[in-house]
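Residues per chain, in single letters:
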Amino acid sequence: MRIATCLTLAAAMFGLAACADQNPAEPSAAAAPAAATSVPGGIAADCPRLSQALGELEAQAPVLLAQLAAAKKDPGKAAAAVAALIRELKAFRDAYGAGAEAIADPGLKAAVQSDLAAIDSTLADIVQAGDDAARVELELQTAEFRHAGNLVPALCAMVGASPSAG
């Protein structure tokens, strides 16, 4: 499950059903050994929390994207739509990042920290976009945001605790 993919197909952005069906990116050579030598209980212990955070975002994505699409047609709705998106992304970031520093597996920890950096960057760009719904939509389609979340499901799948099951 990719963070951006799940916020980017419902209206040419997030595909919620597609999130669970997409093939996760291949883990990098650096991350694969970490998964192979993971700390007992490491990935398996952290993946359920990550899965829950992703599932909660998946549940909110259709509503948020519908609001954003409506705001593109009716600029009077933009402020509320963008505020709701920011609120949900911050809540997701907090839930997904909770305990990130304590993740025992170094590969999973690095992947989550990379995802958090992409989310933080995108949130800053969305805030800067203000009530411009079209620009906010573009921020959700950046390469950085689209690639966030690619490695975590692959690492979790290696131990049978895929966060795309959300």
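Bear in mind that the values here come from a model prediction, so they are computed numbers and not experimental data. Residue positions are given per chain, counting from 1 as you read along its sequence in written order. Local features in this predicted model are restricted to residues of pLDDT 70 or higher, and side-chain atom pairs are both shown and tallied only at a pLDDT of 80 or more, whereas totals for entire chains, interfaces and linings draw on every residue. As a rule here, side-chain values come from all non-hydrogen atoms in the structure, and water together with hydrogens is ignored.

1. Observations regarding the pattern of salt bridges
- Should a side-chain nitrogen of Lys or Arg be within 4 Å of a carboxyl oxygen of Asp or Glu, the pair is scored as a salt bridge. For the structure on display, the rule yields three salt bridges.
- The shortest N-O distance in the salt bridge between K72 and E137 comes to 2.7 Å. With K72 in helix 3 (residues 42-73) and E137 in helix 6 (residues 133-140), the pair connects residues that are 65 residues apart, well separated along the chain.
- Only protein chains enter the accessibility calculation, which uses a 1.4 Å probe. A residue is then buried if its area is under 20% of the maximum for its type, exposed if over 50%, and partly exposed in between. Under the relative-accessibility criterion, E137 is labelled buried at 13%.
- Taking the shortest distance from any N to any O, the salt bridge between D120 and R93 comes out at 2.6 Å. Labels follow the DSSP assignment, with helices taken as runs of H or I lasting at least four residues and strands as runs of E lasting at least two, numbered in each case from the N terminus.

2. Description of the environment of A143
- Note that A143 resides in helix 7 (residues 143-147).
- Judged by its relative accessible area of 39%, A143 is partly exposed.
- Spatially, the C-alpha atom of A143 lies 9.6 Å from that of A118, the residues being 25 residues apart in sequence.

3. Section: the environment of D94
- Within the fold, D94 resides in helix 4 (residues 78-97).
- Overall, D94 belongs to the exposed group, its relative accessible area being 52%.
- D94 sits 41 residues away from A53 along the chain, and the two C-alpha atoms are 8.8 Å apart.

4. Describing the packing of helix 5 (residues 106-129) against helix 6
- Comment: axis = line fitted to C-alpha atoms, over the contacting stretch for helices; angle = value between 0 and 180 degrees taken between N-to-C directions. In contact at an axis separation of 9 Å, helix 5 and helix 6 are set at 170° when each is read in the N-to-C sense. Of the possible angle classes, the one that applies to helix 5 and helix 6 is roughly antiparallel. The segment helix 5 lies against helix 6, with T122, D125, I126, Q128 and A129 engaging R135, V136, E139 and L140.
- Under the convention adopted here, Pro, Cys and the residues Ala, Val, Leu, Ile, Met, Phe, Trp and Tyr are nonpolar, Asp, Glu, Lys and Arg are charged, and Gly plus all remaining residues are polar. For the contact of helix 5 with helix 6, a count of residues per class yields four nonpolar, two polar and three charged. In this scheme, roughly parallel covers angles under 35 degrees and roughly antiparallel covers those over 145, while 65 to 115 is roughly perpendicular and the rest are oblique. A contact between two residues is defined here by any heavy atoms of the two lying within 4.5 Å.

5. Points about the packing of aromatic side chains
- Each aromatic pair joins two rings of Phe, Tyr and Trp (for Trp, the six-membered one) with centres within 6.5 Å, and gets the label stacked for planes under 30 degrees apart, edge-to-face for over 60, and tilted for any other angle. The full count for this structure, using the stated rule, is one aromatic pair.
- Their ring planes at 25° and their centres at 5.1 Å tell us that F92 and Y96 sit as a pair that is stacked. Within this pair, F92 and its partner Y96 are both found in helix 4, separated by four residues, close to a single helical turn. The two residues F92 and Y96 agree in class, both being buried.

6. Some remarks on the nonpolar core
- L89, Y96, L108, V112, I126, L140 and V152 are the most contacted members of the largest nonpolar core, which totals 36 residues.
- If you list the elements that add at least two residues to this core, you get helix 3, helix 4, helix 5, helix 6 and helix 8 (151-158).
- Per-element tally for this core: the top contributor is helix 3, with ten residues.
- In contact with I126, not counting residues within four places along its chain, are V82, L85, I86, L89, V136, E139 and L140. Remark: nonpolar core denotes a set of buried residues (Ala, Val, Leu, Ile, Met, Phe, Trp, Tyr, Cys) joined through side-chain atoms within 4.5 Å.

7. Let's talk about the state of the cysteines
- The definition used for a disulfide is geometric: two cysteine sulfur atoms within 2.5 Å. Applying the stated criterion across every chain yields a total of one disulfide.
- One disulfide in the model links C47 with C156; its S-S distance is 1.8 Å. Between C47 and C156 the disulfide shows an S-S torsion of about -85°. By sign, it is left-handed. A residue pair is termed long-range when its members are at least 10 positions apart, and C47 in helix 3 and C156 in helix 8 qualify at 109 residues.

8. Looking at the environment of A84
- Inspection of the secondary structure assignment puts A84 in helix 4.
- Exposure remark for A84: the relative accessible area of 8% places this residue in the buried category.
- Taking the C-alpha atoms as reference points, A84 and L68, 16 residues apart in sequence, are found 9.3 Å from one another.
- If sequence neighbours within four positions are ignored, A84 has contacts with L64 and Q67.

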